[in-house]
Amino acid sequence: MNVRHYTPRQQIALFHFVIILQKLKGHEEVNPETPYTSDTVGNPGAAPPRLPFSRVTQEDLAFFRTLLPGRTITDPDLLKSSNVDWLKTVEGNSEVLLRPKTTEEVSQILRYCNERNLAVCPQGGNTGLVGGSVPVFDEIILSTSLMKQVITFDNISGILTCQAGCVLENLSNYLEERDFIMPLDLGAKGSCHIGGNVSTNAGGLRLLRYGSLRGTVLGLEVVLADGRILNCLATLRKDNTGYDLKQLFIGSEGTLGVITAVSILCPRKPKAVNVAFLGCSSFQQLLETFQCCRGMLGEILSAFEFLDASCMSLLEKHLKLTNPITESPFYIVIETAGSNATHDEEKLHKFLEEVMTSSLVTDGTVATEATKIKALWSLRERVTEALTHEGYTYKYDISLPVEKIYDLVQDMRGHLGDMAKNVVGYGHVGDGNLHLNITSPSKDPALLAAIEPYVYEWTSKWKGSISAEHGLGLKKRNYIYYSKPSEAVALMGSIKAMLDPKGILNPYKTLPDNIH
Amino acid sequence: MSARVLVGVKRVIDYAVKIRVKPDRTGVVTDGVKHSMNPFCEIAVEEAVKLKEKKLVKEVVAVSCGPQQVQETIRTALAMGADRGIHVEVSGKDYETLGPLQVSKIFAALAKKEQADLIILGKQAIDDDCNQTGQMTAALLDWPQGTFASEVTLEADKLKVVREIDGGLETIKINLPAVVTADLRLNTPRYATLPNIMKAKKKKITNVKPADLGVDVSSRLEVLKVEKLKEAGRI
């Protein structure tokens, strides 16, 4: 069936139609190959049938055990947590977890798996939100948890080189002792690995100030599907010699190669950090506050985040956090980072006076001490955690023109009515990135059908991205056409086929099941 | 009620900061390190402001002893709701050796000068952990004291204080004027909101020297050395 000329909506409809046809023909029993947690029928986010990879044999285990003594895990209890994602929404059935320590070991593992046609799921901190970090079936889990060495740090250039399994928070602590910081920061920092961050092209809270990983990553060391080691670990700020291969791997979600080492440019630790927590009575005023902020704080602005009143009530209800200001429909977290505390405070106070007197902001508070700053940030960083207490969360990470961001939340509320328990919006409003979250007490296929593809069509209509920073993983792979034209996806397919002809690297992820 | 409350606020190294011992082992590194109001002092300010909001006291005066930078700490107290501040100027060597005995003498002198009816302090500072200033101040003034307070109720001219002690909770009734020291569970300090931060800029801070109060701040203690604790063994 050639679906090239159909719109994404029509393709999804056809997909459903085919499934229904199959059902009518009697293919009703759930395919034992598909993971139990996915509703297999009529859900583009669920897994396709298992591809014909080899299965792990005793011989394979013997090879791994010789290569990685004591680091070849087959105990089902130990495997359990690596088989399930952080949101507890997808689960695989891997029977082998490998923990290499060196790039050479990763190379040998992949060379072997490629020859044997064994599928591999690379895994960092397993904090991904689109089901990309856990196996779908019995893929071998290749964990970077023991590759946690810092290789070098140059405190003149600020260039850090480290293995892919370094935990982001540990790197931050290491750098802070040397008066530097990581250019990215996210809520998952206590668990996520830098290799995973790079594979996802993670955005985070500081993107507004320091840019994306596509700018700050200077070099990568990657092991390709056949075991070849690609050493592009340059530590140069500028290097225009040939095609910039590392950009292929950044954001490729482990499907083009396994990142084993990263060199990244780190900014100096700011001497003065201030956080303001403000309340706005409308989204329009929030946007005007942003414009004012850009104008008056410009060069010292390092974060501009928002959350809505629904988020605040969840934080209060489940995590017992207190709202530091009076209740408002919208809350903003503004962070400034600069080299002179007095100058920054003056700029910040002028800005705050301006937005207060012009009534753009109805209330607010400011913090300069580390403890208070942490407390204010936790109001934004822990929303994801608070949501997990509400049952099942449907998460959407959307890029939109900044003025349209909250329209999507309001439209969704109207569209879903009583079907959803909560519809909340929060996120990196400064980057035009909304985190739309919808909860229900338990998984609800009817609710899912009401949300998707409505949310993707809405996004596509405003030329937005259906996945701003979380990636596509398992759950969103089939929606790629809402944000990318077929020529682009076809080219992605060719690149994948060239770098991983057998398709063993993180199968069933990122690229759609049917490329055309 | 025409009561005036004096609240002591101490500027200390922020509790989230990693402390480093100076190479010459005479003390800890304070230069360029983030400082903030002692958490127990915050609780003291909150309690005083609460009393004012209940109209049980008329004026809250925030007091801090130290160099120019302590004015920031006083401003924070003003932003939380204190009415005015007093900055007792102590700097250099005198500041390095300033301890509970000298501070309590200063507070006793100020209490008389300002005709205070109540002094609320934090139970201890998180840098020296002395837990002495409140008690010494009460002794110097010959006032009753309610220390480790987890609940304070004003009943006419008496103060009912619930104290956290080893065996549990002890409730005492003391006459005013009195000294109270705040323990952790007394209250949760409020965030200073923007309108109050703006108002605080206009509130007055008066400067005064210890000599003006007739207090000698010299210390009879000498720090011999300061060392980092050895790391406890890991299991």
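Residues numbered from 1 in each chain as written. Chains lettered and ligands numbered in written order. Predicted model: local features only at pLDDT ≥ 70, side-chain atom pairs only at ≥ 80, totals over all residues. Heavy atoms only, no water.

**Student:** Please give an account of unusual backbone geometry that cites residues and values.
**Tutor:** Residue A:Pro453 is bonded to the preceding A:Glu452 through a cis peptide linkage, with omega at 5 degrees. Of note, the amide linkage connecting B:Leu176 to B:Pro177 takes the cis form, showing an omega dihedral of -5 degrees. Looking at the secondary structure, you find B:Pro177 in the loop between strand 9 (168–175) and strand 10 (178–182). One non-glycine residue, A:Glu253, lies in the positive phi region at around 55 degrees. On the secondary structure map, A:Glu253 appears in the loop between helix 9 (246–249) and strand 9 (258–265). The exposure class assigned to A:Glu253 is buried, which follows from its relative accessible area of 12%. (Helix = DSSP H or I, 4+ residues; strand = E, 2+ residues; numbered from the N terminus. Buried < 20%, exposed > 50% of the residue type's maximum accessible area, 1.4 Å probe, protein only.)

**Student:** Provide a residue-level description of the packing of aromatic side chains, including the pertinent values.
**Tutor:** All names here are of chain A. Here the structure, examined in full by the defined rule, presents 19 aromatic pairs over all chains. Pairing Phe330 with Tyr406 gives two aromatic rings, centres 4.6 Å apart and planes at 85 degrees, and the pair type is edge-to-face. A residue pair is termed long-range when its members are at least 10 positions apart, and Phe330 in strand 12 (residues 330–338) and Tyr406 in helix 15 (residues 405–416) qualify at 76 residues. Here Phe330 matches Tyr406 in class, with each residue buried. Residue placement shows Arg178 over the ring face of Tyr174; its charged tip is 3.7 Å from the ring centre. A cation over an aromatic ring shows up here: Arg268 above the ring of Phe180, its NZ or CZ 5.5 Å from the ring centre. (Phe/Tyr/Trp six-rings, centres within 6.5 Å; stacked < 30°, edge-to-face > 60°. Lys NZ or Arg CZ within 6 Å of the ring centre and 35° of its normal.)

**Student:** Tell me what's going on with the nonpolar core, and back it up with residues and numbers.
**Tutor:** Membership of the largest hydrophobic core comes to 96 residues, with the highest contact counts inside it found for A:Ile334, A:Phe351, A:Tyr396, A:Leu436 and A:Ile438. Here the element with the most residues in this core is helix 1 (residues 39–53) of chain B; it accounts for eight residues. Shared between two domains, this core holds at least three residues of each, these being domain 3 (272–379) and domain 4 (390–470) of chain A. Discounting chain neighbours no more than four positions away, the residues touching A:Tyr396 are A:Leu434, A:His435, A:Leu436, A:Ile438, A:Leu448, A:Ile451, A:Glu452, A:Val455, A:Tyr456 and A:Lys476. Listed in part, the 30 residues of the second largest apolar core include A:Ile109, A:Phe137, A:Ile504 and A:Tyr508. (Core = buried A, V, L, I, M, F, W, Y, C linked by side-chain atoms within 4.5 Å. Domains from an automatic or database assignment. Contact = heavy atoms within 4.5 Å.)

**Student:** Tell me what's going on with the environment of A:Val489, and back it up with residues and numbers.
**Tutor:** Within the secondary structure, A:Val489 sits in helix 18 (residues 486–499). C-alpha of A:Val489 to C-alpha of A:His516: the two residues are 27 residues apart in sequence and 7.8 Å apart in space.

**Student:** Hey, could you go over the pattern of salt bridges for me, with residue numbers and the actual values?
**Tutor:** Oppositely charged side chains can pair when the atoms bearing their charge come close. All names here are of chain A. Taken as a whole and assessed by the stated rule, the structure comprises 42 salt bridges over all chains. A salt bridge links Arg413 to Asp308; the shortest N-O distance between them is 3.3 Å. Linking Arg413 in helix 15 with Asp308 in strand 11 (residues 301–308), this pair joins segments that are 105 residues apart in sequence. On the basis of relative accessible area, Arg413 is assigned to the partly exposed category, the value being 30%. Note on Asp308: relative accessible area 0%, which makes it buried. Between Asp500 and Lys496 there is a salt bridge, with its nearest N and O atoms 2.8 Å apart. Comparing Asp500 with Lys496 shows no difference in burial state: the two are buried. One continuous salt-bridge network, built from bridges that share partners, spans Asp185, Lys189, Arg206 and Glu381. (Salt bridge = Lys/Arg side-chain N within 4 Å of Asp/Glu carboxyl O.)

**Student:** Pulling in residues and values, what's your account of the UniProt feature "domain: FAD-binding PCMH-type" (unreviewed entry) in chain A?
**Tutor:** When the UniProt feature table is mapped onto this chain numbering, "domain: FAD-binding PCMH-type" (unreviewed entry) sits at residues 89–269 of chain A. Secondary structure content for residues 89–269 of chain A is 24% helix and 22% strand, while the C-alpha to C-alpha distance between its ends is 37 Å. (UniProt positions renumbered as here; feature names shortened; annotations may be inferred.)

**Student:** Give me the UniProt feature "domain: Electron transfer flavoprotein alpha/beta-subunit N-terminal" (unreviewed entry) in chain B: which residues, what numbers.
**Tutor:** UniProt's entry tags residues 25–217 of chain B with the feature "domain: Electron transfer flavoprotein alpha/beta-subunit N-terminal" (unreviewed entry), counted in the numbering of this structure. Overall, residues 25–217 of chain B shows 32% helix and 30% strand. The separation of its end C-alpha atoms is 24 Å.

**Student:** For the sheet that holds strand 9 of chain A, give the residues involved together with the corresponding values.
**Tutor:** All names here are of chain A. Here five strands make up an open sheet; going across it, the order is 5-6-9-7-8 and the pairing antiparallel. For this open sheet the edge positions go to strand 5 (150–154) and strand 8 (229–232), each flanked by a neighbour on one side alone. Here the average twist between neighbouring strands, direction ignored, is 10 degrees. Sheet analysis places strand 7 (residues 217–223) next to strand 8, joined by four bridges and oriented antiparallel. Across the sheet, the residue bridging to Val223 is Ile229, located in strand 8. Where helix 4 (residues 103–116) meets the sheet, it contacts strand 7, strand 8 and strand 9, and its direction lies at approximately 45 degrees from that of strand 7. (Pairing = 2+ DSSP bridges. Axes fitted to C-alpha atoms, helices over the stretch in contact; angles between N-to-C directions.)

**Student:** Before we move on, can you summarise the pairing of strand 16 (residues 433–440) of chain A with the specific residues and values?
**Tutor:** Residues and elements named next belong to chain A. Most of strand 16 is tucked away: eight of the eight residues are buried. Burial of the side chains of strand 16 extends over both faces: Asn433, His435, Asn437 and Thr439 are buried on one face and Leu434, Leu436, Ile438 and Ser440 on the other. Bridging between strand 14 (residues 392–399) and strand 16 involves eight bridges; their strand directions are antiparallel. By the bridge assignment, Ser399 is partnered in strand 16 with Asn433. Pairing of strand 15 (residues 422–428) with strand 16, which is carried by seven bridges, proceeds in the antiparallel orientation. Directly across from Gly427, in strand 16, lies its bridge partner Leu434.

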